[in-house]
Amino acid sequence: MTSASPKAARIHTPRNAQRGVVLFIALIVLVAMTLAGIGMMRSVDTNNLIAGNLAFKNSAGSAGDAAIESARAWLTTKTPGQLEADQAGYYANWQPSFDPKTFDWAAGSMRVGTDNNGNTIYYVAHRICKESAKSIDATDCAKVSTASVGSTKGGGSYGSSPLAGTSLVFYRITAKIEGPKFTVAYIQAFVY
């Protein structure tokens, strides 16, 4: 019995048929890895854009809260007689056709300013009265009665409000915030 030596087995294998197969497989793997890398980069970029947009939205919301507080503070400095006529950023009726998206914010609102995040803040306040209402005491205004305003918990009374026995008019405050990267937010609140 003669056994073939490993050298003899190699002689019978066609060397030319094996050349380039490994290179071809390596190129396919390289292309697949490149496509996977590009896909991961695009995914990370998209996630960063989404996170940035959410940060701008949250910043605009915080700026809107500041606008609501600014308008509320402005309303509390006015006497009822001063709130019977339209003023810059204030309307003595609720304007049923008011649309924050089409409203001329540059001309008809109060500009609070620009915060540290680059948000430009505006507000407009409406007294919730019909156009026919001339005074706050008019019956055409939405009011809350404070006759029973007080604090109770578990049946115990904790005192009454100094406003007990009066009627307070509702106001709608609408804020517009223009932020970086074309961020625009609208926030509304009702106060009395």
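Residues numbered from 1 in each chain as written. Predicted model: local features only at pLDDT ≥ 70, side-chain atom pairs only at ≥ 80, totals over all residues. Heavy atoms only, no water.

## Some details on the pairing of strand β8 (residues 171-179)
Then, in step 1: Buried residues dominate β8, accounting for eight of its nine residues.
Then, in step 2: When strand β3 (residues 120-127) meets β8, the two strands line up antiparallel, connected through eight bridges. Looking at β8, one finds that arginine 127 is bridged to tyrosine 171.
Then, in step 3: Here β8 runs beside strand β9 (residues 183-191); their pairing, made up of nine bridges, is antiparallel. By the bridge assignment, lysine 176 is partnered in β9 with tyrosine 186.
Then, in step 4: Hairpin geometry of β8 and β9 is characterised by an intervening segment of three residues between the two adjacent antiparallel strands and by a positive phi of about 55° at lysine 181. (Buried < 20%, exposed > 50% of the residue type's maximum accessible area, 1.4 Å probe, protein only. Helix = DSSP H or I, 4+ residues; strand = E, 2+ residues; numbered from the N terminus. Pairing = 2+ DSSP bridges.)

## A look at the nonpolar core
Then, in step 1: Core analysis: the largest hydrophobic core is formed by 23 residues, its most contacted members being Leu75, Tyr90, Tyr171 and Ile173.
Then, in step 2: Only α3 (21-76), β3, β8 and β9 provide two or more residues apiece to this core.
Then, in step 3: With residues near it in sequence (within four places) discarded, isoleucine 173 still touches Ile68, Ala71, Arg72, Leu75, Tyr123, Val124, Ala125, Ile187, Gln188, Ala189 and Val191.
Then, in step 4: The next biggest cluster of nonpolar side chains, apart from the first, holds six residues, and it includes Tyr91, Trp105, Tyr122 and Val124. (Core = buried A, V, L, I, M, F, W, Y, C linked by side-chain atoms within 4.5 Å. Contact = heavy atoms within 4.5 Å.)

## Points about the packing of aromatic side chains
Aromatic ring pairs are described here by two measures, namely the spacing of the ring centres and the angle between the planes.
Then, in step 1: Here the structure, examined in full by the defined rule, presents seven aromatic pairs.
Then, in step 2: A ring pair is formed by phenylalanine 103 and tryptophan 105, whose centres lie 5.1 Å apart and whose planes are at 85°; its orientation type is edge-to-face.
Then, in step 3: The exposure class of tryptophan 105 is buried, given its relative accessible area of 5%.
Then, in step 4: In this structure an aromatic cluster arises from ring pairing among Tyr91, Phe98, Phe103, Trp105 and Tyr186. (Phe/Tyr/Trp six-rings, centres within 6.5 Å; stacked < 30°, edge-to-face > 60°.)

## Side note on α3
Then, in step 1: Between its first and last C-alpha, α3 extends 83 Å over 56 residues, near the 82 Å set by a 1.5 Å rise per residue.
Then, in step 2: Of all the residues in α3, the buried ones are Ser59, Ala60, Ala63, Gly64, Ala67, Ile68, Ala71, Trp74 and Leu75.
Then, in step 3: On its buried face, α3 is in contact with β1 (90-91), β2 (110-114), β3, β8 and β9. (Expected span 1.5 Å × (residues − 1).)

## Examining the pattern of salt bridges
Then, in step 1: Tallied over the entire structure, the rule returns two salt bridges.
Then, in step 2: Of the charged contacts in the structure, one is a salt bridge between glutamate 69 and arginine 72, with a shortest N-O distance of 3.0 Å. With glutamate 69 and arginine 72 both in helix α3 and three residues apart, this pair spans about one turn of that helix.
Then, in step 3: The exposure class of glutamate 69 is partly exposed, given its relative accessible area of 42%.
Then, in step 4: Glutamate 178 is paired through a salt bridge with lysine 176; the nearest N and O atoms lie 3.0 Å apart. (Salt bridge = Lys/Arg side-chain N within 4 Å of Asp/Glu carboxyl O.)

## With respect to the confidence of the model for the protein
Then, in step 1: Looking at the protein as a whole, the pLDDT averages 79, with 75% of positions reaching at least 70.
Then, in step 2: pLDDT under 50 marks residues 156-163. Its contacts with residues more than four places away, or in other chains, come to 14 contacts. (pLDDT = per-residue confidence, 0-100.)

## So, the side chain of serine 59
Then, in step 1: Within the fold, serine 59 resides in helix α3.
Then, in step 2: Serine 59 gets classed as buried once you look at its relative accessible area, which sits at 14%.

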